[in-house]
Amino acid sequence: KRWLRFLSVLIVGLSVALPAMAEIEEIVVTATKREESIQDVPIAVTAISDVQLERAGINDVTDLVRLTPSFNMNSSQTETGGTTLRIRGVGTTGNNIGLESAVGVFVDGVYLSRPGVALGELLDVEQLELLRGPQGTLFGKNTTAGAINVKTKKPNVEENEYWANATIGNFDAYNVQAGANIAVNDQLAFRISGAWRERDGYEESTTGAESRTRDRYTIRAQALWLPTEDLSVRVIADYADADERCCDSVIVTDTILRGSGAFVAAGLPADGGAASVGTTAFNKREGNAEQFENGFEQWGVSTEINWDLGWGQVTYIGSYREFESFSVQQSDFVSLDVFSVPSTSRVGNPFGQGRTSIDTWTQELRLQGSSDRIDWMVGLYYADEEISPASEGALELGSDYDAYTSVTAWFGGLLQIPGIGALAGVPLPTGGTFGAVLASPNPSRAFAGGANALGSFAVNNFYQDGTSWSIFTHNVIHLTDQLDFVIGLRYVNEEKDGRFEQAAASNPACDNTITNGNAIAPFSPAVAAFTIGFACFPFAASVDNTGFGTPREFDDTFKDNELIYTLKTVYAVNENINVYLGFTHGFKAGGFNLDPTAAVNGADPRFDSELINTWEAGMKSDLLDGLIRLNASVFLSKLKDFQVLEFTGVQFQTFNVDRVRSAGYELELLANPMEGLIISAGLTYADARYPNGCVEFDPMSAVPPAQLCGNSLTNSSRYTVVLGSQYEGTVPGTELTYFVTANYRFESDRRTSTQGTTGLGGPPNPRDIQEDNGKFDLRIGIGGEEGHWSVELFGNNIFDKQTKFVTFNIPLRGTGATGTISRGEFLEAPRTYGITFRVNY
């Protein structure tokens, strides 16, 4: 209510300033694959211009949260594979290449199939459009939450252009961008642009390792050919490379086993390899791990052909992209040698063991036209994606592995079970009795028959070949001069072939534990299952054994099809006010959990497709003769079979939740209260949650989805407000111009983990909530009258508000079942500041 009051007071105040106000410029968007005024499009869409992107310091999609309240993103263990995009609180948790994003990203009409592929530089951008709500009828794939539509600047056949900018900032940040437009003649032009960005990490470990660094470059080349007045051909090629350090976490709630002396009992340092924990670690942004590495290389080429036939227009967009990322990590998040994704492959992979390769080919053909009573469009879309030759994930166990698991599994769990001593006389097939295990300072190794886990490893390869084709139509029927009816249909057919093959593995400690566990199972199945689960960490276990919870290879097919549709009515109250009411049925394909734990114990590695039904009503208005723009929308989205990924501390689980909902409203205000001043305000209220009774309870699931019911979705704030202002003027007595841009983003509290509690009916997960917070950005610039040069000072999050993305269970460092859990957090960016120089001719 207070934000509604604030907006109402602001509108009244702007009305008083009428004599000095200026009319707001028209904004043209392509949200419906046609060029239309943003005020005429019956879609909740925010358009961000190239100037807005520059003055907000937006370098990639991760920074968009500064400008729009409905958008949210986070990165966890890797940026290339663990980034999640959300709109209206809805998104798909990352960190599994088998999951596609609920927020589609399109650059010059080309679909980027994973958030990691879309994390390249926003270079030479003309406009970015954020479309809220399902967009599947017009945008090819998987846009159940919304879409980001990026349009880069086309080559210009009329004049040459040269531009460059350079930025220097804290954390030793350097950013250089440059480009040129070459007009050969009135039919042919070329445009080339490039960017290089480097920055030290804003997190540092007690070991000296850095995290959240930047070291990347991008180049894009274009050609535009206009052979006739009715035909245009645009070809775009781009290449990007990154070699970065990401992503360590801080340990904020450590296991109670630390204080009990369990680590010392196992022969490890008393802190268990975590010298920095708690609030101090959070405030200092200090982790405990060795170096993380996370880089990528990608390139692509696309062709867009537009042909005006007079009675209609033909558009063809074809593309081919290759994306390859790698990850080298000590993924235990402590300074001990527990386990790691090694830098040298055991099977000759030059990128190391954590590698993902995606090749994507897309084709789209549209035919559209207009008459007095109908604007029509029909089209075909085809996409072929190959995760090939392999998505390779490998893990190697270190010298401290078995002692580390002794702390959690034995000292923190099994040895606390009353009566376990009664098993002491049970003989073990590897020699001795269970009593020797109970008396050992390292029970994990003793139960493995003395086998050391050091050097145990597995190299796991994942493959997926997917094809998607669809036929679609989108039509606007003008029933009267004021009333339109919109109908859009798309039939989608999806097919994916997925398989998991283990290239190599060796883990004698696991093999021996299974043998001994089977001997113990008749006396205590719980002891057998618990010990095998820790000794046979599924990412470093062989598929050839038969232990409970150990990996299983699979080779299967996923198929699905769906009719997506949208129905809307649009009514022009007058030439300045439009209202609309609509319903959209959307779809996001299911697929495979490409993880070694996906098929354990005979589980189905597939997950179902996600469906969404959204009701939405909105208003687009230019008030007071176009001096104030006020847009509003209300929405209700109901999702079925919502796709969720959860890390348990031992494995990644992907599952579907029967019912999820997101409901709320959005307000956007834009005004020019005086010459040179632009004020904007945006408010999003989104109640995105798992409703009570969202799924039936499954007692056999390690992560019962029923635990989610009644909780909000991860990283979904109910209230988010973005306020912005920009003032431009001339320095008195000179020809110099200046500007001041300020942005403020406020968000209410949000949950930062998938599970709200440590177990069904258990206590809340420690430090799960990110409290409400506000961040303030400021940029001040001065330049020449013709805009040929400028110098700008900037600060982002200038009050250095430290917040977190994600809270999770530290692997193998305690369990929720025994109340010994340890929690880590991935942090958002701290204060950054610097200076930018620009030239443009």
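For the structure, check the block above.
Remember, predicted model here, so these are calculated numbers, not experimental data.

Caption draft 1: Highlighting the overall build of the protein. Along the backbone of the protein there are 9 helices and 43 strands. Seen along its three principal axes, the alpha-carbon backbone of the protein occupies a region of about 90 × 55 × 55 Å. Looking at the 841 residues of the protein, the share that counts as buried comes to 60%. Within the protein, counting contacts between residues at least 6 apart in sequence, those at least 24 apart form 70% of the total.

Caption draft 2: Quick look at a negative patch on the surface. Together, Glu 386, Asp 465, Asp 497 and Asp 555 line one region of the surface with negative charge. Mapping Asp 465 onto the fold places it in strand 25 (residues 457-478).

Caption draft 3: Region of the structure containing the sheet that holds strand 15 (residues 210-211). In space, the 3 strands of this open sheet follow the order 15-14-19, with mixed pairing throughout. Taken across any chain shown, the strands that pair with only one partner, and hence form the sheet edges, are strand 15 and strand 19 (286-287). The pairing of strand 14 (residues 203-205) with strand 15 spans 2 bridges and is classified as antiparallel. Residue pairing for strand 15: Glu 203 is matched across the bridge by Ser 211.

Caption draft 4: Geometry of the nonpolar core. The biggest cluster of nonpolar side chains holds 115 residues, and the ones touching the most others in it are Leu 64, Phe 71, Ile 148, Phe 434, Phe 642, Val 657 and Tyr 690. Looking at which element gives the most residues to this core, the answer is helix 5 (residues 401-411), with 7 residues. With residues up to four places along the chain from it excluded, the contact list for Phe 71 reads Val 61, Leu 64, Val 65, Leu 85, Arg 86, Ile 87, Leu 130, Ile 148 and Arg 745. Within the second largest apolar cluster, 17 residues are counted, among which are Ile 43, Leu 131, Ala 147 and Ala 383.

Caption draft 5: Spotlight on the sheet that holds strand 7 (residues 103-107). Overall, mixed pairing links the 5 strands, which are arranged 3-9-10-7-8 in an open sheet. Two strands close off the open sheet at either side, each with one partner strand: strand 3 (45-49) and strand 8 (110-112). In this sheet, adjacent strand axes meet at a mean angle of 20 degrees when their direction is disregarded. As paired strands, strand 9 (residues 125-132) and strand 10 (residues 146-152) are joined by 7 bridges and run antiparallel to one another. Each bridged residue has a counterpart across the sheet, and for Leu 131 the counterpart in strand 10 is Ala 147.

Caption draft 6: Spatial organisation of the state of the cysteines. The full count for this structure, using the stated rule, is 3 disulfides. Across the disulfide, Cys 246 is cross-linked to Cys 247 (sulfur-sulfur distance 1.7 Å). What sets the handedness of the Cys 246 and Cys 247 disulfide is the S-S torsion sign, and at about 85 degrees it is right-handed. With respect to burial, Cys 246 and Cys 247 carry one shared label: buried. Across the disulfide from Cys 510 sits Cys 536; the S-S distance is 2.0 Å. Given an S-S torsion of about 100 degrees, the disulfide between Cys 510 and Cys 536 has right-handed geometry. Note that Cys 510 is positioned in helix 8 (residues 508-520) and Cys 536 in the loop between helix 9 (525-535) and strand 27 (554-574), a separation of 26 residues in sequence. You can call Cys 510 buried: its relative accessible area is 0%.

Caption draft 7: Seen up close, the packing of aromatic side chains. One pass over the full model with this rule turns up 30 aromatic pairs. Ring geometry for Tyr 401 versus Phe 537: centroids 6.4 Å apart, planes at 40 degrees, classification tilted. Of the two residues, Tyr 401 sits in helix 5 while Phe 537 sits in the loop between helix 9 and strand 27, which places them 136 residues apart along the sequence. As far as burial versus exposure is concerned, Tyr 401 and Phe 537 are alike and both buried. Ring geometry for Trp 410 and Phe 434: centres 6.1 Å apart, planes at 45 degrees, overall tilted. Here Trp 410, found in helix 5, pairs with Phe 434, found in helix 6 (residues 434-439); they are 24 residues apart in sequence, far enough to count as distant. Each member of the pair Trp 410 and Phe 434 is classed as buried.

Caption draft 8: Local environment of the packing of helix 8 against helix 9. Contact pair helix 8 / helix 9: the axes reach a minimum separation of 9 Å and the direction vectors enclose 175 degrees. Here helix 9 runs roughly antiparallel to helix 8, going by the angle between their axes. Of helix 9, the residues touching helix 8 (which contributes Cys 510, Thr 513, Ile 514, Gly 517 and Ile 520) are Val 527, Ala 528, Thr 531, Ile 532 and Ala 535. Broken down by class, the residue content of the contact of helix 8 with helix 9 amounts to 7 nonpolar, 3 polar and no charged.

Caption draft 9: Broad picture of the pattern of salt bridges. Per the counting criterion, the structure on display carries 45 salt bridges. Between Glu 828 and Lys 775 there is a salt bridge whose closest N-O contact spans 3.6 Å. One end of the pair, Glu 828, is in the loop between strand 42 (823-827) and strand 43 (832-840); the other, Lys 775, is in strand 39 (residues 773-783), with 53 residues separating them in the sequence. Just as Glu 828 is buried, Lys 775 falls in that class too.

Caption draft 10: Representation of unusual backbone geometry in the model. The omega torsion across Cys 246 and Cys 247 is 10 degrees, close enough to zero to call that bond cis. Inspection of the secondary structure puts Cys 247 in the loop between strand 17 (231-244) and strand 18 (250-253). Despite not being glycine, Lys 33 shows a phi value in the positive range, around 65 degrees. If you trace the backbone, Lys 33 turns up in the loop between strand 1 (28-29) and strand 2 (36-37).

Caption draft 11: The side chain of Asn 593, seen in detail. On the secondary structure map, Asn 593 appears in the loop between strand 29 (591-592) and strand 30 (606-607). Among the polar contacts made by the side chain of Asn 593, one reaches the side chain of Asn 96 at a distance of 2.4 Å. Each residue touching Asn 593, except ones within four places of it in the same chain, is listed here: Asn 96, Phe 554, Ala 598, Pro 605, Phe 607, Phe 652, Gln 653 and Thr 654.

About the criteria used
All residue numbers refer to positions counted from 1 along the written sequence of the respective chain. For this predicted model, a pLDDT threshold of at least 70 governs which residues receive local features, and a threshold of 80 or more governs which side-chain atom pairs are given and counted, while totals over whole chains, interfaces and linings are taken from all residues. Each side-chain value is derived from all of the structure's non-hydrogen atoms; neither hydrogens nor water enter the calculation. Helix numbering and strand numbering both begin at the N terminus, where a helix is a DSSP run of H or I of at least 4 residues and a strand a DSSP run of E of at least 2. Note on exposure labels: buried denotes an accessible area under 20% of the residue type's maximum, exposed denotes more than 50%, and partly exposed covers the range between, all computed with a 1.4 Å probe on protein chains only. Whether two residues are in contact is decided by their heavy atoms: any pair within 4.5 Å suffices. Exposure above 30% relative accessible area and the absence of a salt bridge qualify a residue for a patch, where like charges join within 9 Å and nonpolar side chains (Val, Leu, Ile, Met, Phe, Trp, Tyr) within 5 Å. Only the protein chains shown count as covering a residue, and every accessible area follows the Shrake-Rupley method with a 1.4 Å probe. In what follows, salt bridge is the name for a side-chain nitrogen of Lys or Arg lying within 4 Å of a carboxyl oxygen of Asp or Glu. Residues scored as charged are limited to Lys and Arg (positive) and Asp and Glu (negative), so that His and the chain ends carry no count. Lys charges are placed at NZ, Arg charges at CZ, Asp charges at CG and Glu charges at CD. What makes two strands pair is DSSP finding at least two bridges between them. For our purposes a nonpolar core is just a set of buried Ala, Val, Leu, Ile, Met, Phe, Trp, Tyr and Cys residues, chained together by side-chain atoms within 4.5 Å. Throughout, an axis means a line fitted to C-alpha atoms (over the contacting stretch in the case of helices), and angles, computed between N-to-C directions, take values from 0 to 180 degrees. By disulfide we mean two sulfur atoms from cysteines, separated by a distance within 2.5 Å. Between 30 and 60 degrees the pair is tilted, below 30 it is stacked and above 60 it is edge-to-face, where a pair is any two Phe, Tyr or Trp rings, Trp via its six-membered ring, whose centres lie within 6.5 Å. Angles are sorted into four bins: roughly parallel if under 35 degrees, roughly antiparallel if over 145, roughly perpendicular if 65 to 115, and oblique for all others. Just so you know the grouping, Ala, Val, Leu, Ile, Met, Phe, Trp, Tyr, Cys and Pro go in nonpolar, Asp, Glu, Lys and Arg go in charged, and all remaining residues, Gly too, go in polar. Polar contacts, as used here, are pairs of N or O atoms within 3.5 Å; protein pairs need one atom able to donate a hydrogen and one able to accept it. Residues neighboring in sequence count only if both atoms are side-chain atoms.

Purely spatial values, then, with no claim about function.
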